[in-house]
Amino acid sequence: MAPGATKPQEAEAGRSQASELASIDTELIELLFFAYRDFTSDPDQILQRIEFGRAHHRVLHFVDRQPGLTVADLLDTLRITKQSLARVLKQLVDSGHIHQVMGAEDRRQRKLYTTEKGRKLALDLAKPQSRRIAKALRDLPAGSRDTIVGFLRGMLDGGK
């Protein structure tokens, strides 16, 4: 028993906690944990071989999808600090995966592009994830993808 608590107080606390837990969708929470673990496992293996991690994957993905993305926009997209991006971006530039170009109008601005090597790695990382998504969608009813997109967008802060 907690110090100073009586048996009736503990019983009430237990019922209150059970009531709160009943309103929590633990199944979906756990499925999201497990889905994320498995969704990232294939790229993680590829990244490990070249001593990169998930931060490298995220940067590479968004730069490849949006050629000319500025560092400022990338920081905003990823919601990370300049300091955490600087290390990862330097490694991607030094390894020949990303190329930086000074902005034409504003020389302080840096625009980012994947190199051929970077595009190939981005594709290699996306392929197993795309296969996993296609497999999950295969047996679902028509229109399920749109429902899933809506659900995932609803999970985002701001519901983008």
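Residues numbered from 1 in each chain as written. Predicted model: local features only at pLDDT ≥ 70, side-chain atom pairs only at ≥ 80, totals over all residues. Heavy atoms only, no water.

1. Brief notes about the overall build of the protein chain
Selection criterion: Numbering goes from the N terminus for both helices and strands, where a helix is a DSSP run of H or I of at least four residues and a strand is a run of E of at least two. When accessible area is computed with a 1.4 Å probe and restricted to protein chains, residues below 20% of their type maximum are described as buried, those above 50% as exposed, and intermediate ones as partly exposed. Whether two residues are in contact is decided by their heavy atoms: any pair within 4.5 Å suffices. Residues counted as positive are Lys and Arg, residues counted as negative are Asp and Glu, and His and the chain ends are not counted. For this purpose, a charge sits on NZ of Lys, CZ of Arg, CG of Asp or CD of Glu.
In terms of helices and strands, the protein chain carries seven helices and three strands. Element order for the protein chain, N to C, with α for helix and β for strand: α-α-α-β-α-α-β-β-α-α. Projected onto its principal axes, the C-alpha positions of the protein chain cover 70 × 45 × 35 Å. Here the protein chain holds 160 residues, and the buried ones make up 21% of them. Looking at the protein chain alone, contacts between residues at least 24 apart form 51% of all its contacts between residues at least 6 apart. Of the charged side chains in the protein chain, 26 are positive and 21 negative, and the gap between their average positions amounts to 7 Å.

2. As for the confidence of the model for the protein chain
What counts, and what does not: Every residue is assigned a pLDDT by the predictor, reflecting its confidence on a scale from 0 to 100.
This prediction gives the protein chain a mean pLDDT of 91; 90% of its residues lie at or above 70. When pLDDT is averaged over each element of the protein chain, helix α3 (residues 54-65) comes out on top at 98 and helix α1 (residues 7-22) at the bottom at 69.

3. A closer look at the packing of helix α4 (residues 71-78) against helix α5 (residues 82-94)
This is how it is decided: Where helices are involved, their axes are fitted lines through C-alpha atoms of the stretch in contact, as for all axes, and angles between N-to-C directions lie from 0 to 180°. When an angle is under 35 degrees it counts as roughly parallel; over 145 it counts as roughly antiparallel; between 65 and 115 it counts as roughly perpendicular; any other value is oblique. Crossings are assigned a handedness: left-handed for a near helix turned anticlockwise from the far helix by less than a right angle, right-handed for a clockwise turn. Each residue is assigned to one class: nonpolar for Ala, Val, Leu, Ile, Met, Phe, Trp, Tyr, Cys and Pro, charged for Asp, Glu, Lys and Arg, and polar for all the others, Gly among them.
Viewed as axis vectors pointing N to C, α4 and α5 meet at an angle of 115 degrees, and their least axial separation amounts to 11 Å. With respect to α5, the element α4 is oriented roughly perpendicular. Here α4 runs over α5; the crossing is right-handed. Facing α4, whose interface residues are V71, L74 and L75, α5 presents K82, L85 and L89. A class-by-class count of the residues in the contact of α4 with α5 yields five nonpolar, no polar and one charged.

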